[in-house]
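Here are the chains, one letter per residue:
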Amino acid sequence: MGPSAPRPASPVPGHEPTAVRARGLAVARRRATALLGAVTVLFVAVTVAGAHGILLGYVQAGAEASMVGGVADWFAVTALFRHPLGLPIPHTAIIVERKDQFAATLGQFVQENFLTGDVLAERIRTARLVPRLAAWLADEANAARFAGRAADLVVTVAENLRDEDVQRVLTAELTRAVDAVEVAPLAGRALRVLIAGGHQAEVFNAIVSGADRYLAGHSAELRELFEAEAPRWVPDAVYRRLFDRMYTRLRQRLAAMAADPDDETRQQFEAWIAGLPDRLETSPELRERGERLKREVLASAVLRDWSSSLWRRIKEGLRTQAADPESELRRRMADALVAAGRRLGSDRRLADGLDRMVESGARAVAGQFHDELAGLVTGTIERWDAAETSSQLELLLGRDLQYIRINGTVVGAAVGLALHAIVLALA
């Protein structure tokens, strides 16, 4: 035989569709009404026929009491949701008439029994939130999934931010940070570090190499500029030969400067740069020049363009990293979560501290907002439509209440029989 088909899952009580509840209520109501109708027919039949004999007397008494019990419970159940037979009898349609009082009572009940600091703290201790959180985070699969969700959330937040707002904030923060720093003294300190590390020779070589690369890449342009300045009476061939000689000698001189550690120009540069930090830190003229340059840069469109470009690169990088399960961002986040979970599971003091913090937070929330939360319950119920509320509660509770009618009919019959027996015994 092949494997049996899986049985459909039973619906969770209280979570059936409305149509299913309505059908169940109708069936239960018909069952209870049919039982009441049966005992009524039995009572009428015995009464019409005449209750002769002990047995028929018991049947008549039991049917009579059963009918009374069934009618009384029908009235009680119906009175919860509507006026029985449409008659405005006092203390009927209780849910419709007393909805707002019920809302206030329920709000107070929730406030006094669920939203107190002690109740929440006990619930948190019983739930063992911290150990469960530690075990969940320590699982690498869980950490990877959480990291993916967190990365997606970061991207969503970034996408919903207006680029203009972010650019304005970046520019303002950068301006504030840079404006608080004097450029010249900062440059002087940076030069001291460079000199202390013996990097001034590398700087000189970089300058010389850059100049040589520029000459090599712009020879034709420089030739045209040189020839454009030549007097008309000087032959072009002479001026061209003069340019070639000067161009060659200049590149040779740059090569010699780069190759000779004892070159005079190199030594002059090193002497100049060695004294530059002191001048940058003490010279009012250089300091003012640095501040003026800083203000010009901060006020220019270059900074705004840079901040805009930076934000675009950040967003693009976040999108790329979030979409790739093997990205550095998601891997680092997952590793951090796993490490946090393991640390939380092994460090008792840390776990106890987090437990106390969560408990204190719950107590603070309960103390600060319990009135508002109770008011939320009360206000929500008060806004419900009374008739619709009654109808929905009947769909939810009606089937069980119909069994009360059935029980009342059965219990009434038992009580009637017992009373009839007592009467006969006393007679």
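Described in the following lines is the structure provided in the data block. (Residues numbered from 1 in each chain as written. Predicted model: local features only at pLDDT ≥ 70, side-chain atom pairs only at ≥ 80, totals over all residues. Heavy atoms only, no water.)

What to know about helix H9 (residues 183–196)
Turn by turn, an α-helix covers 3.6 residues, leaving residues three or four places apart pointing in a common direction. Cut-off, in case you're wondering: A run of H or I in DSSP becomes a helix once it reaches four residues, and a run of E becomes a strand once it reaches two; helices and strands are each numbered from the N terminus. In a helix, the anticipated span is given by 1.5 Å times the number of residues less one. Throughout this description, buried means an accessible area under 20% of the type-specific maximum (1.4 Å probe, protein chains only), exposed means over 50%, and partly exposed covers the range between. As used here, the arc belongs to the directions running from the helix axis to the C-beta atoms. Whether two residues touch is decided by their heavy atoms; if any such pair falls within 4.5 Å, the residues are in contact.
Over its 14 residues, H9 extends 20 Å from the first C-alpha to the last, a length consistent with the 20 Å expected when each residue adds 1.5 Å. Listed as buried for H9 are Ala184, Pro185, Gly188 and Leu191. Along H9, the residues classed as buried sweep out an arc of 115° about the axis, all on the same side. Lining the buried residues of H9 we find helix H13 (264–282) and helix H14 (284–299). After H9 finishes, the residue Gly198 shows a positive phi value of roughly 70°.

Some details on the nonpolar core
Worth spelling out the cut-off: Residues belong to one nonpolar core when they are buried, are Ala, Val, Leu, Ile, Met, Phe, Trp, Tyr or Cys, and are joined through side-chain atoms within 4.5 Å.
Formed by 14 residues in total, the largest nonpolar core has its most connected members in Leu191, Phe204, Val208, Leu254, Met257 and Leu280. Elements with a contribution of two residues or more to this core: H9, helix H10 (200–217), helix H12 (236–259) and H13. Those residues in contact with Met257, other than ones at most four positions away along the chain, are Phe204, Val208, Asp263, Thr265 and Arg266. With six residues, the next largest nonpolar core counts Leu137, Ala143, Leu337 and Val338 among its residues.

Description of the pattern of salt bridges
This is how the line gets drawn: Throughout this description, the term salt bridge denotes a Lys or Arg side-chain nitrogen within 4 Å of a carboxyl oxygen of Asp or Glu.
Counted according to the given criterion, the structure contains 13 salt bridges. Taking the shortest distance from any N to any O, the salt bridge between Arg253 and Asp263 comes out at 2.9 Å. Note that Arg253 is positioned in helix H12 and Asp263 in the loop between H12 and H13, a separation of 10 residues in sequence. Measuring nitrogen to oxygen at the nearest pair gives 2.4 Å for the salt bridge that ties Glu328 to Arg331. Linking Glu328 with Arg331, this pair stays in helix H16 (residues 328–346), spanning three residues, or about one helical turn. The class of Glu328 is partly exposed, set by a relative accessible area of 33%. Through salt bridges that share partners, Arg162, Glu164, Asp165 and Arg168 make up one connected network.

A closer look at helix H1 (residues 18–49)
The end-to-end C-alpha distance of H1, which contains 32 residues, comes to 46 Å, matching closely the 46 Å that a straight helix rising 1.5 Å per residue would cover. Packing partners of the buried residues in H1 comprise helix H2 (54–81) and helix H18 (386–426).

Here's the deal with the packing of aromatic side chains
Aromatic ring pairs are defined here through the distance separating the ring centres and the angle between the ring planes. To keep things clear, this is the line we draw: For this analysis, a ring pair means two rings from Phe, Tyr or Trp (six-membered ring only for Trp) whose centres lie within 6.5 Å, classed as stacked if their planes differ by under 30 degrees, edge-to-face if by over 60, and tilted for the remaining angles.
The tally for this structure, following the rule as stated, stands at three aromatic pairs. Seen from their ring centres, Trp136 and Phe146 are 6.2 Å apart, and the 85° between their planes marks the pair as edge-to-face. With a gap of 10 residues between them, Trp136 in helix H6 (residues 129–138) and Phe146 in helix H7 (residues 140–160) connect regions that are remote in the sequence. Exposure remark for Trp136: the relative accessible area of 38% places this residue in the partly exposed category. Phe146 gets classed as partly exposed once you look at its relative accessible area, which sits at 41%. Pairing Phe269 with Trp272 gives two aromatic rings, centres 6.1 Å apart and planes at 40°, and the pair type is tilted. On the criterion of helical spacing, the pair formed by Phe269 and Trp272 is a turn pair, its members being three residues apart in helix H13.

What to know about a nonpolar patch on the surface
For clarity, the cut-off: Patch definition: residues above 30% relative accessible area lacking any salt bridge, with like charges linked at up to 9 Å and the nonpolar side chains Val, Leu, Ile, Met, Phe, Trp and Tyr linked at up to 5 Å. Accessibility throughout is a Shrake-Rupley quantity obtained with a 1.4 Å probe, and a residue counts as covered only by protein chains that appear here.
Together, Val411, Val415, Leu419, Ile422 and Leu426 make up an exposed nonpolar region whose accessible area comes to about 500 Å². By the secondary structure assignment, Leu426 is in helix H18.

No statement about biological role is implied by the geometric values presented.
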